[in-house]
2 protein chains.
Amino acid sequence: MSTVEEQLHIIKSGGVNIVPEVALIEKLKLGRPLRIKFGVDPTAPDLHIGHAVPLRKLRQFQDLGHIAVLIIGNGTALIGDPSGRNTTRPPLTPEEIAVNAATYVEQAVKVLDMQKTELTWNNDWLGTLLLPDILKLMAQFTVARTLERDDFANRYSNQLPISLHELLYPVVQAYDSVCVNADVEIGGSDQLFNFLAGRELMEKLGMEPQVCLTLPLLEGTDGVAKMSKSYGNQIGITDEPNEMFGKVMSIPDESMPNYLYLASTFTVEESEAMIAEWQADTLHPNTLKRRLAANIVTAYHSEADAQAAEAEFDRIYRQHEIPTDIEEITIQPAIDDDGLVYLPGVLQEIGFAASASEARRLIDGGGVQIDGAAIDQGEFRISPERINGTVIQVGKRRFARLRLG
Amino acid sequence: MSTVEEQLHIIKSGGVNIVPEVALIEKLKLGRPLRIKFGVDPTAPDLHIGHAVPLRKLRQFQDLGHIAVLIIGNGTALIGDPSGRNTTRPPLTPEEIAVNAATYVEQAVKVLDMQKTELTWNNDWLGTLLLPDILKLMAQFTVARTLERDDFANRYSNQLPISLHELLYPVVQAYDSVCVNADVEIGGSDQLFNFLAGRELMEKLGMEPQVCLTLPLLEGTDGVAKMSKSYGNQIGITDEPNEMFGKVMSIPDESMPNYLYLASTFTVEESEAMIAEWQADTLHPNTLKRRLAANIVTAYHSEADAQAAEAEFDRIYRQHEIPTDIEEITIQPAIDDDGLVYLPGVLQEIGFAASASEARRLIDGGGVQIDGAAIDQGEFRISPERINGTVIQVGKRRFARLRLG
């Protein structure tokens, strides 16, 4: 095993928050494999690489000799985690839970060392709880403390409804920690309240309380908001290699350290070395981003897929010099009696030509392309389908993806 | 069956509150026996006649042809009704619950017509609830609505703890109403929130919602505070006949209507007739109170016991002309070197003599008694024990019970 200092350095990489850090150090000093709990509710059918961040941290723990306790929350999913929400989660059916859970396990197997993983399903113990058991657990917590957490406090003060059953979520998640005898619980930063409830319950039941370790939420490809399907900035773990490679290439440079530490399979040492080179200007940011993109595609597909994706990326983007972030413009062009759209008018409308006559000259000069194919001389009236969802290019630098509204 | 108007007159006697009354009228119009739910948690081992008030109302319903559904809350007792409390109830053991429940049933059998009674135990259905069932019930209620009730609102705003499990009480009591398909639920006025939760849950589950009927809390023998062992103003149902008779005789006249309607076995018509006579000055209040006392002793013991108790009451109180409400006076008399108290000084201190010399004359004249026994001539110095807790009498009209402070 590595020294406590070496372990801490790796565990803390990526900007994790440890509550309390001194307790983690004490536990590491014991020299025995620690039990690292990670619970995931199978609520989202569409997984993105942000969902894998805790799995990567678990894998780091495993590589340091510790044990991952992965809890598939098929019991907690019936409640719905209220963390960070301002509405009650709609309930899932047992069938949805089963399908989603299978997807999670499939992904976890790709990231974790299954020899050092205990895979558990919390309905195994939650499903047998009867009213008196539940009452005893609930009696350990007060309403005031539970409503202090931000999500509840916000809803309560804004008079948004909190359903009574949502209060049970931290209680049963805490009970999970008791049942698996967790040394450390890891998860997103929005989970701190739930983790602390687990710490409290373990202490009240006379157990050595768990240490709470929260990870930053991985930002999406926009580099701003957290990765989420609803923000359209996610990199799905089932995205095709080409799409995945391109999406990683589209992140801003400043997001590279987070992606390296939280979403890649590079070791902490490798990531640190590359970041140092980049900051010393001995490694071009684009080169670093390519390594990152190749690493992530390799992780979710294969090295061959990554090489092919990089080649395709070069073919399309470098050779055609099409930028990776094309603005999307929604237009509502007039449709004439023949059902056609007047293309010079569209170019004028989106600001790619000062006037319709300039636009006609550009077309006739061969300088206007749709999805990389030049428009013919005099071809001014085109079907709406040809421009809906396609990339229109004028000259070498102006691009837009059109949408008919 | 009586007409709806006749039934309503009886049901409303004693100052009940019906929510909503129009719904009760509709249900009575159906002409079928209604199911009247009364749930009681076996938490108090010492029962007083105030606990029997809802049972007497149930009996009125039964006499009108309806069905009493008596629920012994051996399941709800595990939670503890938070109604009207500013602290969490301490949990009872299953053994305590069993003993208390037996006491309740014993009492209920004395009051109810068991041919028209369904005796149920709510742990029969609550005890089988699993986490998903409980979640579905809890999901029907919001935190804000639940915390609106006075007891919770007071505790929350005064930062007194509300334990999380207490929020479950109205939920499972509401579920009881669903399980027994209640038409009407009756209980103390502090139960209105719980009853309304039942009404709401039945409606949400597509059932005809119950009508909520609350009874005033019976005042204690002081005529002021609600009857409660902790106020020392209770008439226990296991009190001996003599004690019970005397306690009823000690209530203020103004409390007689409530005791007649809520705690006696007189019919509403009989009570109304006696109250009318009393108010027309054709019935002496003392005579009415004797009838009431005899009625209550008969209900909990027997008619023979009531007659004997009344005779004993006469012997002690009428023959000695000791009034039933003796003022209690706490004094701190000087104790001399022999450990004795100077009695004339005490009589002066409590205002029964204008001076110590007058007091000595009263004693020497045989006009001072302790617990009915005259003090001997010249017996001025007595032991403190002789006057502590005893009734001191001067002449025929002045009485006081002394306490050494």
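In case you missed it, the structure is sitting above this.
Calculation criteria
- Residues numbered from 1 in each chain as written.
- Chains lettered and ligands numbered in written order.
- Predicted model: local features only at pLDDT ≥ 70, side-chain atom pairs only at ≥ 80, totals over all residues.
- Heavy atoms only, no water.
- Buried < 20%, exposed > 50% of the residue type's maximum accessible area, 1.4 Å probe, protein only.
- Helix = DSSP H or I, 4+ residues; strand = E, 2+ residues; numbered from the N terminus.
- Pairing = 2+ DSSP bridges.
- Right-handed = clockwise from strand over helix to strand, strands pointing away.
- Axes fitted to C-alpha atoms, helices over the stretch in contact; angles between N-to-C directions.
- Contact = heavy atoms within 4.5 Å.
- Buried area = accessible area lost by both parts, 1.4 Å probe.
- Salt bridge = Lys/Arg side-chain N within 4 Å of Asp/Glu carboxyl O.
- Polar contact = N/O pair within 3.5 Å; in protein donor to acceptor, adjacent residues only side chain to side chain.
- Nonpolar A, V, L, I, M, F, W, Y, C, P; charged D, E, K, R; others polar.

Chemist: Help me get a handle on the pairing of strand S6 (residues 211-215) of chain A, residues and values and all.
Modeler: Residues and elements named next belong to chain A. Of all 5 residues making up S6, 5 are buried, and the element is well covered by its neighbours. Residues of S6 alternate between two faces, with Val 211, Leu 213 and Leu 215 on one and Cys 212 and Thr 214 on the opposite face, all of them buried. Relative to S6, strand S1 (residues 17-19) runs antiparallel, the two being bridged by 3 bridges. When the bridges of S6 are listed, Ile 18 appears paired with Leu 213. As paired elements, strand S5 (residues 184-188) and S6 share 5 bridges and run parallel to each other. Its bridge partner lying in S6, Val 184 is registered against Val 211. Taken together, S5, helix H10 (residues 192-204) and S6 form a β-α-β motif whose crossover is right-handed.

Chemist: Summarise the sheet that holds strand S3 (residues 67-72) of chain A; cite the residues concerned and give the values.
Modeler: Residue and element names in this part refer to chain A. Spatial strand order, S1-S6-S5-S2-S3-S4: 6 strands in an open sheet with mixed pairing. Looking at which strands have only one partner, the edges of the open sheet turn out to be S1 and strand S4 (117-121). Along the sheet, successive strands turn relative to each other by an average axial angle of 20°, direction set aside. With 5 bridges connecting them, S3 and S4 associate as parallel partners. Bridge pairing links Ala 68 to Thr 117 in S4. Packing against the sheet, helix H9 (residues 168-180) makes contact with strand S2 (35-40), S3 and S5, and its axis sits at approximately 145° to S2. H10 rests against S1, S5 and S6 of the sheet, and its axis sits at about 170° to S6.

Chemist: Residues and numbers for the interface of chain B and chain A, please.
Modeler: On the chain A side, the residues contacting the 29 residues of chain B number 29 residues. For the pair chain B and chain A, the two sides together bury roughly 2600 Å², of which 81% comes from carbon and sulfur. Among the residues of chain B in contact with chain A, B:Leu131, B:Val143 and B:Leu164 are the three that bury the most area, contributing 27% of the side total. Run the count over chain B and chain A and you get 0 salt bridges. On the surface where chain B and chain A come into contact, there are 6 residue pairs in polar contact (both at pLDDT 80 or more). Secondary structure elements with two or more residues in the side of chain B that touches chain A: helix H6 (131-138), helix H7 (143-148) and helix H9 (168-180) of chain B. If one sorts the elements of the side of chain B that touches chain A by residue count, H6(B) sits on top with 5 residues. By residue class, the composition of the side of chain B that touches chain A is 23 nonpolar, 6 polar and no charged.

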